[in-house]
Amino acid sequence: MSLPRAVEPTAHLDLVLRDLRSTRSGLSSREAARRLLHAGPNALRRRGGPRWPRELARQFTHPLALLLWAAAGLAFSVGIVTIGTAIIAVIALNAAFAFAQERHAEHAVEALAAFIPQHAKAFRDGRESEVEATELVPGDVLVIAEGDRISADARLIDGAIQVDMSALTGESAPVNRSADLLDTQVPLLDARDIVFSGTTCAQGEARALVFATGMDTELGRIASLSERVHADESPLEHQVRRVAWLIALISVLLGVAFIPIATFAAGLSLLNAVIFAVGLLVGNVPEGLLPVITLALAIGVRRLAERGAVVKRLSAVETLGSTDVICTDKTGTLTENRMRATEVHTALGRVDIDGETNYRTTPSAPLRRLATAMAACNNAHVTDDGTLVGDATDVAVLVAAHALVGSHHGNRLRQFAFDSVRKRMSTIDESDAIWVHVKGAPESVLPLCVTELSRGADPIPLTDQRRTELAELVDARATEGFRMLAVADRRLIPGEPPPRDIDSAESRLTLLGLVAIVDPPRPEVAAAVARCHTAGIRVIVITGDHGLTAAAVARRVGIVHGDPVIVTGSELARMSEDELDQLLSSPAELIFARSSPEAKLRIADALRATGHVVAMTGDGANDAPALRRADIGIAMGRSGTDVAREASTMVLTDDNFATIAAAVEAGRRGYDNIRKFIFYIFAHATPEVVPFLVFALSGGAVPLPLTVPLLLSFDVGTETLPALALGRESAEPGIMTRPPRRRSEPVIRAPMLIRAWLFLGVICAVLALLGFFAVLLSAGWRPGAPTGPASPLHHAYGQAVTTMFAGMVAGQIGTAFAARTEHASLRSIGVFSNPMLLWGIGFEIALTGAILYLPPLQYLLGTTAPAPWMVALVVPFPVIVWGADELRRWLIRRSTAPEPPRTRARTHQDESRPRAGSASHRATGR
Ligand code: ATP
């Protein structure tokens, strides 16, 4: 937009308003709707055309696919066109499959944006209203406050703010932007009266006139939508990629070693040896593993979203599963954030408020002044339909003020907004005189008071003794779980100009009284806390509220049991890093009270440095650094600021602690399921390799029990669907009674490999070979007897190979059932509880039947229809394989002394009780 030069700010603004055909009080809703049709939604569109061709191409060119191409090339070069073609078919199938899964995963993550619609405050029909950010149009007047994400390019018309422009400029230090600073000769990005879409307001409040939306904004110019989704490789994927490579390397070595053994020891022709080497290689390269993992993570993400936790990265599922400390705030997360002021304390004593009606027709003068301050220093307001909206504390205070004296009329001149460091807010209001009104945490407001309003409504000096009395009163009510506020005022001397800065406004105050507010704990939190404790997860409360209030709430929901160690913000500030580390590593029950956003950052840092995986909640704009630093930053979808949401990894759509516990459970489940199908896929390696080893080691006396086309069918045809289904298993019982996984613990561990390769793998291989030999021997075969095309045993050999294949598939079915649980019995989760697995197995059986009996497939894959008794032979295999693992699990469960989870939980909680004398920071409260 071109700006006129060298004009006065107001004149300039009038020109801009005229250009945009708008007014200082914004547009009408109808006009906005018309402009929306014309300008289009305020959203970014993806640039640079569709990305899918590149993504599809990538599936054909990733390193493991290249290895398969090399194998195909080798096959073609020695003239075996069928095998070469089969391998290309394998590559194509895998690529299509992986592509479909990645798209699916991507869509799942992109769809999450819909769960947390971005809102903006704009003037419509002359009133401030909340609109969807996508509905902003040029000409709208925005209201921008601390913590807001700015959703369009706009020119400030009133107020001053600090803006974090890092999204556009990369510079993280906030810059000042003000309606009074008119720059017309600098680049747009440097203009001090303009704010941009994608940036955030770090401090202050302002109104701004939107002049560009959607792709016309500066962000639209530089951004592509893909930046929204973090497609970073998770540690899990990284690990699995490495293991996949290791296995690929072993397969290559195995294949290469097979050639000389087969040619020299078993007398196979070089050509055939190469064919089998290629088969071994193709069979063992775990090319399908990574896409299945991506998909399983995406399923986890979707499931989390359904439970009210929207995550922004696939890898969050994995991190959540290993979370061992949750740092939670109190208000709204542990409590309902439905506050109600139940009593006020003035020099006259205590007055209970037990209704929302004005029941005191003639309130005393001190009470009237208190109520006036409570209503004036307040940002809650009544909407057209009569509901009260605003910050929960403000709403409670306003309702109480109304109950005490009825409605208040005054004209606000200025506001110094609430912030979590000052822990108070103040306003300058004009009525009969000009007044400063302040309300906030008692520790924050009392030191600013020099007098107190007496019974006779005169200010009397606030003595030390009275201060002690007040502090005791605050502590006593806080111990009961009340949230306490102090309210104060100062009347300006006639002719005194209204103070412009906070310090001169918030000084020489007169204390009017204290307000006690209740905020009941959420009913579902106690059970969620108990589940966290049983799962070995520590819960630490970090709150801006009074320590004793926090302790009372924490006790009610079971986070603390005895007297917790309460560390206040100022105590924490005095602690050295070592002292903090020591405090955090002690098993004490901890509450950080009156804490600042910096405190959260320090605590997150210290916990991470000592090896913990930390989930931390936050809602304010300055919580962003701590949210970024924690392993899982959790923002509130309802009450939090846009900045916190942007900095977080996970957004709770219901602001509820119980959802965090549910998310951890979903994370553990997602991780477990990934381990299940890795195990399942690995378990196939042994039956795939053993036939070739038997052939090679017998020096050719035993004919090859498996052909390469059947090996490929087994590898890609029958194993995939059940693997996918395992990614959807429900949680194993006991998932929340075991301790959290250590951060360093690899996903693929020795016991898993032993169970896959040496236990179930060997059983499957032995069973399948049993079928092979049974068929051969029954036809009169003896070791060394010829089985070639012209020999009398050729038909039986064909049936034996086919039976071997059927046996392998049967073993695979048993493995799929065994893989469903790692510790528990199949009965405990239900045999039929994963319908997708049953469908997958149904498909697998149908496909095998077709391979065995359909002439075209028989021709293509070289199978010979087995006799009924041969099929009957392999039918019990699934039960044998699954039964063997069931027995193994039962034995393990029995030998690892079945400690009931309850006992373990109590031990954990007992340990976390503070030991007498160990707590140097005990219950100082304030
Ligand atoms: P948590 O950090 O657990 O959400 P909190 O809501 O008490 O707890 P803050 O919002 O930082 O944390 O508030 C800190 C303190 O500031 C409160 O305990 C209260 O005394 C005071 N306070 C909160 N809201 C207001 C408000 N709207 N006006 C004045 N003072 C407030």
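Residues numbered from 1 in each chain as written. Predicted model: local features only at pLDDT ≥ 70, side-chain atom pairs only at ≥ 80, totals over all residues. Heavy atoms only, no water.

Colleague: Please explain the pattern of salt bridges as it appears in this structure.
Modeller: Once the charged atoms of two side chains with opposite charge are near each other, the side chains can pair. Applying the stated criterion to the full structure yields 40 salt bridges. Between Asp489 and Arg369 there is a salt bridge whose closest N-O contact spans 2.9 Å. In this pair, Asp489 is assigned in strand β19 (residues 483-491) and Arg369 in helix α12 (residues 365-376), connecting sequence segments 120 residues apart. Given a relative accessible area of 0%, Asp489 falls into the buried group. (Salt bridge = Lys/Arg side-chain N within 4 Å of Asp/Glu carboxyl O. Helix = DSSP H or I, 4+ residues; strand = E, 2+ residues; numbered from the N terminus. Buried < 20%, exposed > 50% of the residue type's maximum accessible area, 1.4 Å probe, protein only.)

Colleague: Would you explain unusual backbone geometry in this entry?
Modeller: The phi torsion of most residues other than glycine is negative, and most of the peptide bonds are trans. Despite not being glycine, Arg594 has its phi angle at roughly 45°, a positive value. Turning to its location among the elements, Arg594 is positioned in the loop between β23 (590-593) and α21 (597-609). Of note, the phi angle at Asp655 is positive, near 55°, even though the residue is not glycine. Looking at the element boundaries, Asp655 is found in the loop between β26 (650-652) and α24 (657-682).

Colleague: Would you mind going over the side chain of Ser322 with me for this structure?
Modeller: Within the secondary structure layout, Ser322 lies in the loop between α11 (315-321) and β9 (325-328). What makes Ser322 buried here is its relative accessible area of 6%. If near-sequence neighbours (up to four positions away) are discounted, Ser322 is found in contact with Val613, Pro740 and Arg741. (Contact = heavy atoms within 4.5 Å.)

Colleague: When you look at the sheet that holds strand β22 (residues 565-568) in this model, what are you seeing that I'm missing?
Modeller: Within a sheet, each strand pairs with its neighbour through backbone hydrogen bonds, oriented either parallel or antiparallel. Spatially, 8 strands are ordered β8-β26-β25-β24-β9-β21-β23-β22 in an open sheet, and the strand pairing comes out mixed. The sheet is open, and its two borders are formed by β8 (309-311) and β22, each paired with just one other strand. The sheet shows a mean angle of 20° between the axes of neighbouring strands, direction not considered. Relative to β23, strand β21 (residues 538-542) is paired through 2 bridges, and the arrangement is parallel. (Pairing = 2+ DSSP bridges. Axes fitted to C-alpha atoms, helices over the stretch in contact; angles between N-to-C directions.)

Colleague: I tried to follow the packing of helix α29 (residues 794-819) against helix α34 (residues 877-895) on my own but got confused; where do I start?
Modeller: Geometry of a packed helix pair, given as the angle between the helix axes and the separation of the axes. The N-to-C vectors of α29 and α34 enclose an angle of 35°; their axes lie 7 Å apart at closest approach. Seen from above, α29 lies across α34 with right-handed handedness. For the pair α29 and α34, contact is made by Gly807, Ala810, Gly811, Ile813, Gly814, Thr815, Phe817 and Ala818 and by Phe877, Pro878, Val881, Trp882, Asp885 and Arg889, respectively. (Left-handed = near helix turned anticlockwise from the far one by under 90°.)

Colleague: I tried to follow the site of the ligand on my own but got confused; where do I start?
Modeller: Taken together, the neighbourhood of the ligand is formed by 20 residues, with Lys330, Arg483, Thr543, Gly544 and Arg594 sitting nearest. For the ligand, a nitrogen atom lies 3.1 Å from a polar atom in the side chain of Asp391. Here Arg483 contributes a side-chain N or O atom positioned 2.7 Å from an oxygen atom of the ligand. Here the ligand has 600 Å² of accessible area as a free molecule, and 91% of this is covered by the chains. When contributions to the shell around the ligand are tallied by element, the ones reaching two or more residues are α13 (392-405), β16 (434-440) and β19. The element best represented in the shell around the ligand is β19, accounting for 3 residues. Across the shell around the ligand, the residue classes break down as 5 nonpolar, 6 polar and 9 charged. (Near = heavy atom within 4 Å. Polar contact = N/O pair within 3.5 Å; in protein donor to acceptor, adjacent residues only side chain to side chain. Areas by Shrake-Rupley, 256 points an atom, 1.4 Å probe, with all protein chains shown as cover. Nonpolar A, V, L, I, M, F, W, Y, C, P; charged D, E, K, R; others polar.)

Colleague: Would you mind going over the domain arrangement of the chain with me for this structure?
Modeller: What the domain assignment lists for the chain is domain 1 (13-42 + 136-224), domain 2 (51-115), domain 3 (237-298 + 664-730 + 746-895), domain 4 (316-335 + 522-653) and domain 5 (340-518). The centre of domain 2, based on its C-alpha atoms, is set 67 Å off from the matching centre of domain 5. (Domains from an automatic or database assignment.)

Colleague: What is the right way to look at a nonpolar patch on the surface in this model?
Modeller: Nonpolar side chains collect at one region of the surface, where Ile754, Leu758, Val762, Val766 and Leu770 lie side by side and expose about 460 Å² of accessible area between them. Tracing the chain through its elements places Leu758 in helix α28 (residues 750-778). Under the relative-accessibility criterion, Leu758 is labelled exposed at 61%. (Patch = residues over 30% accessible without salt bridge, like charges linked within 9 Å, V, L, I, M, F, W, Y side chains within 5 Å.)

Colleague: Quick question: what am I supposed to make of the confidence of the model for the chain here?
Modeller: Note that predicted coordinates carrying low pLDDT should not be read in detail. Averaged over every residue, the pLDDT of the chain is 85; the share at 70 or more is 91%. In this model, residues 1-7 is a region of pLDDT below 50 whose contacts with residues beyond four sequence positions or in other chains number 14 contacts. Predicted confidence for residues 224-231 stays below pLDDT 50, and this span has 8 contacts to residues more than four positions away or in other chains. (pLDDT = per-residue confidence, 0-100.)

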